[in-house]
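# Summary of structural features
Here is how the chains run, residue by residue.
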Amino acid sequence: MSKNPRGRGRAARRAGTAPAGRPARARTDRRPRARERAWVIAVCCALLLATGAVYGQVAHHAFLHFDDDEYIYDNPHVSSGLNWANVAWAFTAYHSRNWHPLTWLSHMLDCQLFGLRPGPHHLVSVLLHALDGVVLFLLLRRLTGALWRSALVAALFAVHPMHVESVAWAAERKDVLSALFALLTIAAYAAYARTPTAWRYGATLLLFALGLMAKPMLVTLPLVLLLLDAWPLGRFATGGRAAAGRLVLEKVPMLALAAASSALTFAAQSRGGVVETLEQTSLAMRVTTALVSYVRYAAKLAVPTTQAFYYPRPETATVLPALGAAVVLALATYAVVRLRRRAPYAAVGWFWYLGTLVPVIGLVQVGTQAMADRYSYLPSIGLFLVLAWGLADVARRWPAAQRPLVAAMGVVLCLFAVKAWAQTRYWRDGITLFTRDTVVVRDNLLGSRNLGVALCDSGRFAEAVPRFQRVLRTYPHDAVSLLGLGRALDGQGESARAADLYRESLRYKPDVAIAHYDLGNALLRQGRVAEALAELDAALALRSDLVEAVISRGNALSSLGRYEEAAASYAEAVRLRPSSAGARNNLGATLLRLGRREEAARQFAEVLRLDPTFAAAESNLGLMCLESGDTLGARAHFERAARLSGRWGPAGR
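Residues numbered from 1 in each chain as written. Predicted model: local features only at pLDDT ≥ 70, side-chain atom pairs only at ≥ 80, totals over all residues. Heavy atoms only, no water.

## Quick look at a positive patch on the surface
A surface patch of positive charge is lined by Arg 30, Arg 31, Arg 33, Arg 35 and Arg 37. With respect to the helices and strands, the residue Arg 33 is situated in helix H2 (residues 23–55). (Patch = residues over 30% accessible without salt bridge, like charges linked within 9 Å, V, L, I, M, F, W, Y side chains within 5 Å. Areas by Shrake-Rupley, 256 points an atom, 1.4 Å probe, with all protein chains shown as cover. Salt bridge = Lys/Arg side-chain N within 4 Å of Asp/Glu carboxyl O. Lys, Arg positive; Asp, Glu negative; His and termini not counted. Charge placed at Lys NZ, Arg CZ, Asp CG, Glu CD. Helix = DSSP H or I, 4+ residues; strand = E, 2+ residues; numbered from the N terminus.)

## A look at unusual backbone geometry
A cis amide bond links Trp 231 with the next residue in sequence, Pro 232, at an omega value of 10°. Even without glycine at this site, Asp 67 takes up a positive phi of about 75°. With respect to the secondary-structure elements, Asp 67 resides in the loop between H2 and helix H3 (68–73). A positive phi angle is found at Arg 97, which is not glycine, with a value near 60°. Checked against the element boundaries, Arg 97 lands in the loop between helix H5 (84–92) and helix H6 (101–114).

## Quick notes on the nonpolar core
Counting residues in hydrophobic clusters, the biggest one holds 137 residues, and the most contacted among them are Phe 137, Val 153, Ile 186 and Tyr 353. Among the elements that make up this core, the one with the highest residue count is helix H10 (residues 173–194) (12 residues). Discounting chain neighbours no more than four positions away, the residues touching Phe 137 are Val 40, Val 43, Cys 44, Leu 47, Leu 147, Ser 150, Ala 151 and Ala 154. Counting 34 residues, the second-largest nonpolar core is a separate cluster that includes Leu 533, Ala 567, Tyr 570 and Met 624. (Core = buried A, V, L, I, M, F, W, Y, C linked by side-chain atoms within 4.5 Å. Buried < 20%, exposed > 50% of the residue type's maximum accessible area, 1.4 Å probe, protein only. Contact = heavy atoms within 4.5 Å.)

## Quick notes on the side chain of Thr 424
Along the chain, the position of Thr 424 falls in helix H19 (residues 402–425). On the basis of relative accessible area, Thr 424 is assigned to the buried category, the value being 0%. Setting aside residues up to four positions removed in sequence, Thr 424 forms contacts with Val 54, Tyr 55, Gln 57, Val 58, His 61, Val 164 and Ala 168.

## What to know about the packing of helix H23 (residues 479–491) against helix H24 (residues 495–508)
For the pair H23 and H24, the least separation of the axes is 8 Å and the interaxial angle reads 165°. In terms of orientation, H23 lies roughly antiparallel with respect to H24. In this structure, H23 meets H24 at a crossing whose hand is left-handed. In this structure, H23 contributes Ala 479, Leu 482, Leu 483, Leu 485, Gly 486, Arg 487, Leu 489 and Asp 490 to the contact, and H24 contributes Ser 495, Arg 497, Ala 498, Leu 501, Tyr 502, Glu 504, Ser 505 and Tyr 508. Taken together, the residues of the contact of H23 with H24 sort by class into nine nonpolar, three polar and four charged. (Axes fitted to C-alpha atoms, helices over the stretch in contact; angles between N-to-C directions. Parallel < 35°, antiparallel > 145°, perpendicular 65-115°, else oblique. Left-handed = near helix turned anticlockwise from the far one by under 90°. Nonpolar A, V, L, I, M, F, W, Y, C, P; charged D, E, K, R; others polar.)

## A closer look at the packing of H6 against helix H7 (residues 118–144)
The interhelical angle for the contact between H6 and H7, taken along N-to-C directions, is 135°, at an axis separation of 10 Å. Accordingly, the angle class assigned to the pair H6 and H7 is oblique. Note that H6 runs across H7; the crossing there is right-handed. Judged by residue contacts, His 107, Asp 110, Cys 111 and Phe 114 of H6 engage Pro 120, His 121 and Val 124 from H7. Across the contact of H6 with H7, the residue classes tally to four nonpolar, two polar and one charged.

## What to know about the packing of aromatic side chains
By convention here, two paired aromatic rings are described through the distance between centres and the angle between planes. Counted by the stated rule, this structure contains 18 aromatic pairs. Ring centres 5.7 Å apart and planes at 25° place the aromatic pair Phe 63 and Tyr 73 in the stacked group. On the criterion of sequence distance, the pair formed by Phe 63 in the loop between H2 and H3 and Tyr 73 in helix H3 is long-range, its members being 10 residues apart. Judged by its relative accessible area of 14%, Phe 63 is buried. Relative to Tyr 353, the ring of Tyr 294 lies with its centre 6.1 Å away and its plane at 65°, an arrangement referred to as edge-to-face. With a gap of 59 residues between them, Tyr 294 in helix H15 (residues 283–302) and Tyr 353 in helix H17 (residues 344–357) connect regions that are remote in the sequence. An aromatic cluster is defined as three or more aromatic residues linked by ring pairs; in this entry it consists of Phe 66, Trp 169, Phe 309, Trp 427 and Phe 434. Residue placement shows Arg 374 over the ring face of Tyr 375; its charged tip is 5.0 Å from the ring centre. (Phe/Tyr/Trp six-rings, centres within 6.5 Å; stacked < 30°, edge-to-face > 60°. Lys NZ or Arg CZ within 6 Å of the ring centre and 35° of its normal.)

## Re the pattern of salt bridges
Evaluation of the coordinates by the stated rule reveals 32 salt bridges. For the salt bridge of Asp 537 with Arg 553, the shortest nitrogen-to-oxygen distance reads 2.8 Å. On the criterion of sequence distance, the pair formed by Asp 537 in helix H26 (residues 529–542) and Arg 553 in helix H27 (residues 547–559) is long-range, its members being 16 residues apart. Ionic contacts of the salt-bridge type, sharing partners, join the residues Glu 165, Glu 172, Lys 174, Asp 175, Lys 215 and Arg 374 into one network.

## Some details on helix H12 (residues 221–230)
Burial within H12 is extensive, with seven of its 10 residues counted as buried. Turning to H12, its buried residues are Leu 221, Pro 222, Val 224, Leu 225, Leu 227, Leu 228 and Asp 229.

## Some remarks on the side chain of His 100
Mapped onto the fold, His 100 is located in the loop between H5 and H6. Residue classification places His 100 among the buried positions, given a relative accessible area of 0%. Separated by 3.1 Å, the side chains of His 100 and Tyr 71 make a polar contact. Non-local contacts of His 100, meaning those with residues more than four positions away in its chain, are made with Tyr 71, Lys 174, Met 213, Ala 214 and Lys 215. (Polar contact = N/O pair within 3.5 Å; in protein donor to acceptor, adjacent residues only side chain to side chain.)

## Comments concerning helix H18 (residues 380–397)
The periodicity of an α-helix, 3.6 residues per turn, causes residues three or four places apart in sequence to face the same way. The first and last C-alpha atoms of H18 sit 26 Å apart over 18 residues, in line with the 26 Å expected at 1.5 Å per residue. Most of H18 sits out of view: 13 of its 18 residues are buried. (Expected span 1.5 Å × (residues − 1).)

## Observations concerning the environment of Leu 536
Relative to the helices and strands, Leu 536 resides in helix H26. When the C-alpha positions of Leu 536 and Ala 556 are compared, they lie 9.2 Å apart, and in sequence the two are 20 residues distant.

## Focus: the confidence of the model for the chain
When pLDDT drops low, the exact placement of atoms in the prediction is not to be read closely. Per-chain confidence: the chain averages 89 in pLDDT, with 92% of residues scoring 70 or above. Across residues 1–27 the pLDDT falls below 50, and counting only partners more than four positions away or on other chains, this stretch makes eight contacts in the model. For the stretch residues 647–653, pLDDT sits under 50, and the model shows 22 contacts to residues farther than four places along the chain or on other chains. (pLDDT = per-residue confidence, 0-100.)

## Focus: the state of the cysteines
What the rule picks out here adds up to zero disulfides. In this structure Cys 44 is a free cysteine whose sulfur lies 6.9 Å from that of Cys 45, the closest cysteine sulfur available. (Disulfide = S-S within 2.5 Å.)

In C-alpha cells, the structure reads:
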C-alpha cells in the first residue's frame, strides 16, 4: 500500500478514476487536457490549410525537362506503373546516378493511379510535405511537451520559401518522402527510449532503412538521434560514461545501414560520372565552398530573398569569404556549447543543422553547384528549433516582449507564405523557371542551357539557338549544349547542320544514348537509312529502354520494306510504353501491310481509346474499311480524321 496519498491521486487521475471525495478536481483536470487536444487538432488543420494554400497551384504545373523526364515520363520502368519487373528494377538499378528504390516505387504508384498527368504527381508531393509538417509538430510536442514552440517550428517548415524546390519539383519527391521516414524514425526511437524493447528498436531500424531507400541524405540521422538523447530525451543525464557508451553502441546497426547506403550511392554516382575527382575539384575548393555554403544556407533560411534553381560554384577557392564563414561558424558553435546547460536546445538544433548538411555540403562534390535550396529541407528544422525555443526563453525573461514577439512571428510566417507562393509560380513550366534563373543569377550558363532545352521542348527553336550559343562561346566542348543546338537547328529543318553538331557532341561524350538517337533521326530525314539504323542500334545498345529510339528504328526498317522487323520494333516500343498511341498506330499500320488485319484493328482501337483525337488511327481504320468494301464505314472514319487533323488518308505518327 502506497504511503503517498498524492501519488495515489495522480495515479488514479492518470487511470481515469478520481479518488473518493474529490470529483471536482478530476473534472478540472480533464478540461485543460481537452482544451490542449483541441489546440493540437487546430494546429494540424492550420498546417494542412497553409500548405494547401501555398502549393495548391501545382495542380496546374507541368513536368520539367530536367530530371522529371528521367524519373517519370521518359522512364518506361516508372511510367508503366507497378509490376514485379519494375519493382525488381527499382531495387537493382543505378538509374539517374542514384539508388533510391522507395522513391522509384512512389513514382510508379503515381503512374499506376494517375498516368502521366503532371498535376496529380505534384499534388502527391504537396500531400507528403503537409504530412511532414504535421508529423514534425506532433513529434516535437510529444518529445518536449511544448505546444506553441512545436507549432512554430512546424509552421516555419511548412511555408518556408526554401522548401519550394523540394515540393514543386516532381523529381524531388525523394526529399519529402525521405523526410517523412526520418521523422517517423525519430518518433519510433523516442518510443524505444521511453520503453526499450526489441520490436521498438526493430521498428526504428526499419523506418530508417526505408528513409535511406527514399534518399541517402539521411546517412547522418543516427547522429541526430544521439543529439536527441542529450535533449530532450535526457538519456545522458544518468549513468555517466557507461550510459554514453551504451547510447553510442545503440547507433552501430544504424551506422552500418548508413554505410551500406553510402556505398551504394557512391557506386551509382561514380558509374554515372557525376562524382568529381580531386584533380577536377581541389580539396581547398571543396572546403572553402563548404564553409561559405553553411553560412549562405543559414542566411537564406533567415532572409530568403533571391532564390535560384542553380547556384554556380566559384571558379577558384574564395579564401577571404571562407575565413569569414569559418569565424562565424566557430563563434556560433562556441556560443551553443557554452549555453548547453542553460539552453540545451541550441546545441541540439545547431549540430542538427551542421550534421544533416554534411552529405551535400560539397566535401564529396557531385555536380557543379555550390548549394541548392532542396538540400536545406531537413537541416532547416535544426535552426527553426533554435529560433522557436530561443524566442520562448526571451519571452520568459522579459514578459513584456511576449506579445510583440508573437506579432512579429505572425508577420514573418505570412511573409514567408506569400514568398513561397510566389516562388512556386516560377515552377509552373521549364521556360518560366529557367528564364527566372537566368535573371537572378549572373553568368548562369547552366540556366541558359536549361532554358534552351525548355524552348526546344515547346517548339520555340529559333529562341533556343542563342541560348545554346551563349554557353558554347564559353565552353565550346560542352556536349549537352552541342546536342541542344543540334536539336534547335533540326527543328528548323536544318538536318545536315544538326547531324554535324550531334557528331561533335558524341566526340566529347560518346556514350550518350539520346545523342545517337538524335543523329539517327537526322540521318533518317536525309534518307541515309543504313547510317541511321547504325546510330539507332548504338543508342539502344547504350539504353535498351529508350522508347523513342525503338520507334525510330521501326520507322527506318519500314522505309526499307522490312515490315516484319519493323513490326517487332513497334511491338517492343508498345511493351516498353503501353500508353504510347503513336507506337501502337505505327504497329497497326505495319500489321496492316503484312495482312494481319485483325491484329491491326485491335491496335487502332486501342490507339483511339488512349487518344480519341488521334487522326491517323481514324484514317487507317478508314483504309481498312475501304479495302473490305465498306465504303460507308470508310467515309465515316475519313471524315472524323479530316475533322481532327484536316488531312485525308492513312498515316502513321
